[in-house]
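# Structure assessment
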Amino acid sequence: LGARLRTKLVFFFLALVLLPAFLLSFGAGAFIKTTVEDLIKTPVEEVSRLAKEIAKEAGRREESRLLDHARFLAAELAAVPVAASNDALRVATIQWRQSEGFDVAGFVLDERTSFTDIADGSVSTGLSREVVHRAVRRAGAVAARTGTPVFDLEPSGAVVLLVGAAPVDPGA
């Protein structure tokens, strides 16, 4: 046999062997990829969906709890006689915060009069007194203006302060 014929036969056999081998390897790779994605994708999506539902439910419970406590504090402050000084409201707020175990409690009477009591360890969590006071004033002002309980968020760096506020009904 001639050298040319041998070269042609070698290329023919290489093409005959390599072409199906490439087709099989790409097909097998695609099959394995889709199989693995189907096996992993569904459980991960389900776990992710369930985690989001749990986080939303926890958020709803926390919001409800904060609004309930805001109503309780509003009721406590409503029990303070109208003729009492702001100091009586401050004392009632401090006592309520300590008895309920909250880090922050406060009230807003008008644009000029407000009070925020912060537990000693709260400032170490990354919230400045100004941020806390601003959040309490804003939520308290909205609750007083609308006459309804308010849930508010005050982000400060990596920390978010959750604030619940309720209007004080002096007739209660």
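Residues numbered from 1 in each chain as written. Predicted model: local features only at pLDDT ≥ 70, side-chain atom pairs only at ≥ 80, totals over all residues. Heavy atoms only, no water.

## Side note on the layout of surface pockets
This is how it is decided: We place a 1 Å grid over just the protein atoms. Points where a 1.4 Å probe fits but has no way out form a cavity, open points with protein on both sides within 12 Å along at least 5 of 7 lines form a pocket, and any residue with an atom within 4 Å of a point lines it. Grid points are joined across faces, edges and corners, and a volume is the space filled by probe spheres set on the points. Helix numbers and strand numbers start at the N terminus; a helix is a DSSP run of H or I with at least 4 residues, a strand a run of E with at least 2. Basically, the charged four are Asp, Glu, Lys and Arg, the nonpolar ten are Ala, Val, Leu, Ile, Met, Phe, Trp, Tyr, Cys and Pro, and anything else, Gly included, counts as polar.
Within this model, the largest pocket holds a volume of roughly 970 Å³. As for the largest pocket, its lining consists of 43 residues, and the residues nearest its centre are Leu 73, Leu 77, Gly 106, Phe 107 and Val 108. Mapped by element, the contributors of at least two residues to the lining of the largest pocket are helix 1 (3-79), helix 2 (86-100), strand 1 (104-108), helix 3 (129-146) and strand 4 (159-165). Among the elements that take part in the lining of the largest pocket, helix 1 stands out by supplying 9 residues, more than any other. Residue composition of the lining of the largest pocket, grouped by class: 32 nonpolar, 8 polar and 3 charged.

## Concerning the side chain of Arg 97
Stated precisely, the cut-off is as follows: What makes two residues a contact is simply this: any of their non-hydrogen atoms within 4.5 Å.
Mapped onto the fold, Arg 97 is located in helix 2. In contact with Arg 97, not counting residues within four places along its chain, are Phe 102, Asp 103, Val 104, Ala 105, Asp 117, Ile 118 and Ala 119.

## As for a nonpolar patch on the surface
Stated formally: Each patch groups residues whose relative accessible area exceeds 30% and which form no salt bridge, using 9 Å between like charges and 5 Å between nonpolar side chains of Val, Leu, Ile, Met, Phe, Trp and Tyr. To measure how exposed things are, a 1.4 Å probe is used in the Shrake-Rupley method; for residues, cover is taken only from the protein chains shown. Should a side-chain nitrogen of Lys or Arg be within 4 Å of a carboxyl oxygen of Asp or Glu, the pair is scored as a salt bridge. For each residue, the accessible area found with a 1.4 Å probe, counting protein chains only, is set against the maximum for its type, and the residue is called buried under 20%, exposed over 50%, and partly exposed in between.
A cluster of nonpolar residues, Leu 5, Leu 9, Val 10, Phe 11, Phe 12, Phe 13, Leu 14, Leu 16, Val 17, Leu 18, Phe 22 and Phe 26, forms a patch on the protein surface that exposes about 1200 Å² of accessible area. Tracing the sequence through the fold places Leu 14 in helix 1. Given a relative accessible area of 42%, Leu 14 falls into the partly exposed group.

## What to know about the pattern of salt bridges
For the structure on display, the rule yields 8 salt bridges. Here Arg 71 and Asp 68 are joined by a salt bridge, their closest N and O atoms 3.0 Å apart. Here Asp 68 and Arg 71 lie together in helix 1, a separation of 3 residues that amounts to about one turn. A salt bridge links Asp 87 to Arg 90; the nearest nitrogen and oxygen atoms lie 3.5 Å apart. Linking Asp 87 with Arg 90, this pair stays in helix 2, spanning 3 residues, or about one helical turn. Overall, Asp 87 belongs to the partly exposed group, its relative accessible area being 47%. Salt bridges here are not isolated pairs; linked through shared partners, they connect Glu 46, Arg 49 and Glu 53.

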